[in-house]
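Listed below, chain by chain, are the residues.
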Amino acid sequence: MTLKFTKKLTTALAAVAVAALGASAAYSQMAPFGGEEDVSFASELWAAMENADLAGPNQIRAALSIGNDPHGMLLETFYTKVEVGGREGFISVKRNYGPPGTDPEDIYNDPDAFLGAITVMFQREEGYDEDNQNWFWVKYLPDGSLDKNPAGVALAGKVAKGMDVGCIACHSAAPGGDYLFTGSMPDAM
Ligand code: HEC
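Scoring rules and cut-offs
Residues numbered from 1 in each chain as written. Predicted model: local features only at pLDDT ≥ 70, side-chain atom pairs only at ≥ 80, totals over all residues. Heavy atoms only, no water. Phe/Tyr/Trp six-rings, centres within 6.5 Å; stacked < 30°, edge-to-face > 60°. Helix = DSSP H or I, 4+ residues; strand = E, 2+ residues; numbered from the N terminus. Buried < 20%, exposed > 50% of the residue type's maximum accessible area, 1.4 Å probe, protein only. Lys NZ or Arg CZ within 6 Å of the ring centre and 35° of its normal. Salt bridge = Lys/Arg side-chain N within 4 Å of Asp/Glu carboxyl O.

### Here's the deal with the packing of aromatic side chains
Scanning the model with the defined rule gives seven aromatic pairs in all. Here Trp-46 and Tyr-140 contribute two aromatic rings whose centre-to-centre distance is 4.7 Å and whose plane-to-plane angle is 50°, an arrangement assigned as tilted. Taken as a pair, Trp-46 in helix 2 (residues 36-51) and Tyr-140 in strand 5 (residues 135-140) lie far apart in primary sequence, 94 residues in all. The class of Tyr-140 is buried, set by a relative accessible area of 1%. Between Tyr-128 and Phe-136, the ring centres sit 6.2 Å apart and the planes meet at 50°, which makes this aromatic pair tilted. Judged on exposure class, the residue Tyr-128 and its partner Phe-136 are both buried. Through a chain of ring-to-ring contacts, three or more aromatic side chains come together here, namely Phe-41, Phe-122, Tyr-128 and Phe-136. Seen from the ring of Phe-41, Arg-124 lies directly overhead, with NZ or CZ sitting 3.8 Å from the centre. A cation sits over an aromatic face here: Lys-158 above Tyr-128, 4.8 Å from the ring centre.

Structure representation (structure tokens):
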């Protein structure tokens, strides 16, 4: 009797554990950003940026412009197209230099030493995120790894869809309705 009960209990516990695993897998698929697919897409995107000389040792340079919170105090911004997984899409890359309070002269002289992060918007295929014009949002650290939010979730994907703050919430206020503050997508692209 006792044995039978223990067996039953073990089976019941195992079932709960399986259900919990299933739920957490489903949750990570549902989470709008930082999931496995987001992280692997972000690493393909970084490789595409390196190929296009938007990142890495041969990266092209642009004039620095003055930026605002939450991006750097000095910025370098690019608009172009890159190919990821055989599909070409529009990309905006922003290199963020700082921290605030740094002498701009120091940044001009040695930008790499003051690069804090690289924030990127890449327009993915139709159906990826129709509510927000299919933008994929990502924040890289200078070595190409992903920055994380305080909860340890990688900042890649639909960041932070449905929340009042974050990439999507703030960029949805950009003029022109294309989520871009400093420019718009060239018609020819
Ligand atoms: C609180 C508002 C805010 C948040 C949050 C924000 N941005 Fe921005 N972003 C801006 C502003 C404003 C600009 C224009 C440049 C500037 O003044 O800093 C900009 C510029 C950019 C650009 C260059 C294209 C453009 O729109 O001009 C990219 C790429 C970008 N942000 C990516 C991101 C990503 C990725 C995140 C999230 C990890 C993010 N941003 C979060 C406000 C925000």
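Having seen the model, we can carry on.
### As for unusual backbone geometry
Of the consecutive residues Gly-98 and Pro-99, the connecting peptide bond is found in the cis state with omega at 0°. Residue position: Pro-99 is located in the loop between strand 3 (87-97) and helix 3 (104-109). The omega torsion of the bond from Val-159 to Ala-160 falls at -15°, within 30 degrees of zero and hence cis. Checked against the element boundaries, Ala-160 lands in the loop between strand 6 (156-157) and helix 4 (167-171). In the Ramachandran plot, Gln-133 falls in the positive-phi region, its phi being about 55° despite a non-glycine side chain. For Gln-133, the position within the fold is in the loop between strand 4 (115-123) and strand 5.

### Concerning the pattern of salt bridges
The final tally for this structure, using the stated rule, is seven salt bridges. Between Asp-112 and Arg-61 there is a salt bridge; the shortest N-O distance is 3.0 Å. One end of the pair, Asp-112, is in the loop between helix 3 and strand 4; the other, Arg-61, is in the loop between helix 2 and strand 1 (65-66), with 51 residues separating them in the sequence. In this structure Arg-61 comes out as partly exposed when scored by relative accessible area, which is 44%. A salt bridge links Lys-161 to Asp-129; its shortest N-O distance comes to 2.6 Å. Placement of Lys-161 in the loop between strand 6 and helix 4 and of Asp-129 in the loop between strand 4 and strand 5 is noted, with a sequence separation of 32 residues between them. By relative accessible area, Lys-161 is classed as partly exposed at 25%. One salt-bridge network, in which partners are shared between bridges, spans Glu-37, Arg-124 and Glu-125.

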